[in-house]
Amino acid sequence: MIQTFKNVIGRGWTNFKRNRYLSLAATGVMSLSLILFLGLLSLQYVSTESIASLENKVDVSVYFKTDAPEDQILGVKSDLLAQADVLSVNYVSRDQALADFKARHSQDAMIEESLSLLDDNPLGASLDVKAKEFSQYASIADFLNNDKYKSIIEQVNFEENKGVIDSIANISNSIRNWGLTATFLLALIAVLVTFNTVRLTIFNQKQEIEIMRLVGASNWHIRGPYLMEGGFYGLFAAIISLVIFYPIVYLVSGKVSNFVEQVNLIQYFTDGALEVVLLTVFLGVALGVISSFIAIRKHLKV
Amino acid sequence: MIEFKNLTKIYEPNIVVLDNINLEIKKGEFVSLVGLSGAGKSTMMKMLTKEEKPTKGKVLIDKIDVDSIEGKEIPYFRRTIGTVYQDYKLLTAKTAYENVAFAMEVSDATKDDIAKDVPQILSIVGLADKSGNFPSQLSGGEKQRLAIARALIHRPKILLADEPTGNLDLVNSFDVVKLLLKINELGTTVILATHDTNIVNTIGRRVVSMDKGKIVKDQLENGRYVI
């Protein structure tokens, strides 16, 4: 058994070496496919992170009337926290709101002056509500528009934010859907091109396969070395694509961070280096072996 | 024993290659199958190795219907039949030794067995001193003898030779035929398909003549080339 396996590896390796140019072509095509895959992985990461950072910036603010008693406002806060879809509620008291407002406009003499003319604090208290899921903002806004709170609530600014929220939701959905479709399509093209290249290399060895059948080699004996050869294509392609991909990530990472602060490509790919390497090698080898398996089937028909 | 029973092979739409063949070949016989190109000789050979399926009728080897042998049994079945072709079918990138060893490797032979059997079989066919040569460094006759060595490595019960002298000159042709006769003397059933009149007449054994997919004459002894 071990001897057979050694033979299979040995013959696969010999085939790989002897068909140098075809091996090079197949490995090259597979490297491109794998680089494409790694590129899509980065794109997916960047888009997910960008969407998350945009989503983080969105919240629903509830502004209370200036005469709303504080205990009722805190009552609304605890009602909100009891909701399953609410992540956090931040209470900004009237005094705090005024202090924030003053701090924001400390350079503006006119506003300072206008404020000093007023007898009372003109600002109401507010609650900043964050939802667990981006899609839950609408239901939170509905909850707040309840008749129960009408007497104390001045305004829920969901309607103003709704446009922004909707367009972010649209963008993130279409990035996810199109990203998935594009990944799938490109992967399909990669598989077809790889398959075709492997098929050519096997076609080139048609005579050898015929002779193997002639001398009574079992199908697995014939198939084994070719599957191994396909595996070698995949293994080398994985190594080549990783060697090309990591320096590119290193160069590009800083530039991407300039656009979206939260995105740190190089860290993402170094933290997950083991997974990325294993996944790429697995994909490469699987692609090679499966392509060979399909390509050789035709020649094994009795 | 080999039996062809009412064997018919029709290629679509209606090209009749073999037409109701009935033939029995006894164990250890040397049979020359003669006829013009297209008479159906090669197709009959292919029926024996299950490279072709009968449209009607049966091919039996030792009472076993060849058609009933299942997919994964076929390689083992083929090891019991040696085949030699006009175009040698040697692996050009392998040496004479490797070409024969290859046939053993695919049947899981150990390294020791390969090291023992290959030189022995190469010396039987007279190629002991050429074991390191590649096919391109061998003459036509030597190539065919190498192909015969490979066919014999599994010690087959039956040896099928399909026009083995087709590419050879007279002297080399006779060398190959002498080798086939020697193999036959050692107990292997040999079926030789040829259209070489001289060779058939020299062998002087059973001759089965074919024409347009039919057996037209069967001379059991001292046969001569007649169609």
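Our subject is the structure listed above.
As the structure is a prediction and not an experimental result, all values here were calculated from the model.

The rules behind each value
- Residues numbered from 1 in each chain as written.
- Chains lettered and ligands numbered in written order.
- Predicted model: local features only at pLDDT ≥ 70, side-chain atom pairs only at ≥ 80, totals over all residues.
- Helix = DSSP H or I, 4+ residues; strand = E, 2+ residues; numbered from the N terminus.
- Buried ≥ 20, exposed ≤ 12 C-beta atoms within 10 Å, placed from the backbone.
- Contact = placed C-beta atoms within 7 Å.
- Axes fitted to C-alpha atoms, helices over the stretch in contact; angles between N-to-C directions.
- Parallel < 35°, antiparallel > 145°, perpendicular 65-115°, else oblique.
- Left-handed = near helix turned anticlockwise from the far one by under 90°.
- Nonpolar A, V, L, I, M, F, W, Y, C, P; charged D, E, K, R; others polar.
- Pairing = 2+ DSSP bridges.

**Student:** Describe in detail the overall build of chain B, supporting the description with residues and values.
**Tutor:** Scanning chain B from terminus to terminus reveals seven helices and ten strands. Here chain B, with 227 residues, has 42% of them falling under the buried criterion. For chain B, contacts bridging at least 24 residues in sequence account for 66% of all contacts bridging at least 6.

**Student:** Kindly report on the overall build of chain A, identifying the contributing residues and their values.
**Tutor:** Within chain A, the regular secondary structure consists of eleven helices and four strands. In chain A, which comprises 302 residues, the proportion classed as buried is 29%. Partitioning the contacts of chain A with sequence separation of at least 6, the portion at a separation of at least 24 is 86%.

**Student:** Which residues make up the packing of helix α1 (residues 2-18) of chain A against helix α9 (residues 219-259) of chain A, and what values do they have?
**Tutor:** Residues and elements named next belong to chain A. Relative orientation of the contacting elements α1 and α9 amounts to 60°, with a least axis distance of 8 Å. With respect to their mutual orientation, α1 and α9 come out oblique. Considering the relative orientation of α1 and α9, their crossing is right-handed. Together, Val-8, Ile-9, Arg-11, Gly-12, Trp-13, Asn-15 and Phe-16 of α1 and Gly-224, Pro-225, Met-228, Glu-229 and Phe-232 of α9 make up the contact between the two elements. Within the contact of α1 with α9, the residues separate by chemical class into seven nonpolar, three polar and two charged.

**Student:** I'd like to hear about the interface of chain B and chain A, residue by residue, with values.
**Tutor:** Each partner contributes to the interface: chain B provides 19 residues, whereas chain A provides 13 residues. A breakdown of the residues in the side of chain B that touches chain A according to their chemical character gives seven nonpolar, four polar and eight charged.

**Student:** Describe the environment of B:Met104, listing the residues and the values that go with them.
**Tutor:** Residue and element names in this part refer to chain B. Following the sequence through the fold, Met-104 ends up in helix α3 (residues 96-105). Exposure remark for Met-104: the 21 C-beta atoms within 10 Å place this residue in the buried category. For Met-104 and Ile-114, which are ten residues apart along the polypeptide, the C-alpha to C-alpha distance reads 6.6 Å. Not counting the four nearest positions on each side in its chain, Met-104 is found in contact with Ala-109, Asp-113, Ile-114, Asp-117 and Ile-153.

**Student:** Quick rundown of the pairing of strand β6 (residues 81-85) of chain B? Include the residues and the values.
**Tutor:** Summarising burial for β6(B): five of the five residues are buried, a large majority. Neither face of β6(B) is left uncovered, since the one carrying B:Ile81, B:Thr83 and B:Tyr85 and the one carrying B:Gly82 and B:Val84 both have all their residues buried.

**Student:** Go over the sheet that holds strand β10 (residues 214-219) of chain B with me, naming the residues and quoting the values.
**Tutor:** Residue and element names in this part refer to chain B. The strand order β6-β7-β8-β3-β9-β10 describes an open sheet built from six strands, whose pairing is mixed. Each of the sheet's edge strands pairs with one partner strand only, and the pair in question is β6 and β10. Averaged over all pairs of adjacent strands, the angle between strand axes in this sheet comes to 15°, irrespective of strand direction. Across four bridges, the pairing between strand β3 (residues 30-34) and strand β9 (residues 206-211) is parallel.

**Student:** Describe the packing of α3(B) against helix α5 (residues 140-152) of chain B, with residues and values.
**Tutor:** Residues and elements named next belong to chain B. Between α3 and α5, whose axes approach to 8 Å, the crossing angle comes to 25°. It follows that α3 is roughly parallel to α5 by the angle criterion. Where α3 crosses over α5, the handedness of that crossing is right-handed. Note on element contacts: α5 touches α3 through Leu-146, Ala-149 and Arg-150, opposite Ala-96, Asn-99, Val-100 and Ala-103. Residue composition of the contact of α3 with α5, grouped by class: five nonpolar, one polar and one charged.

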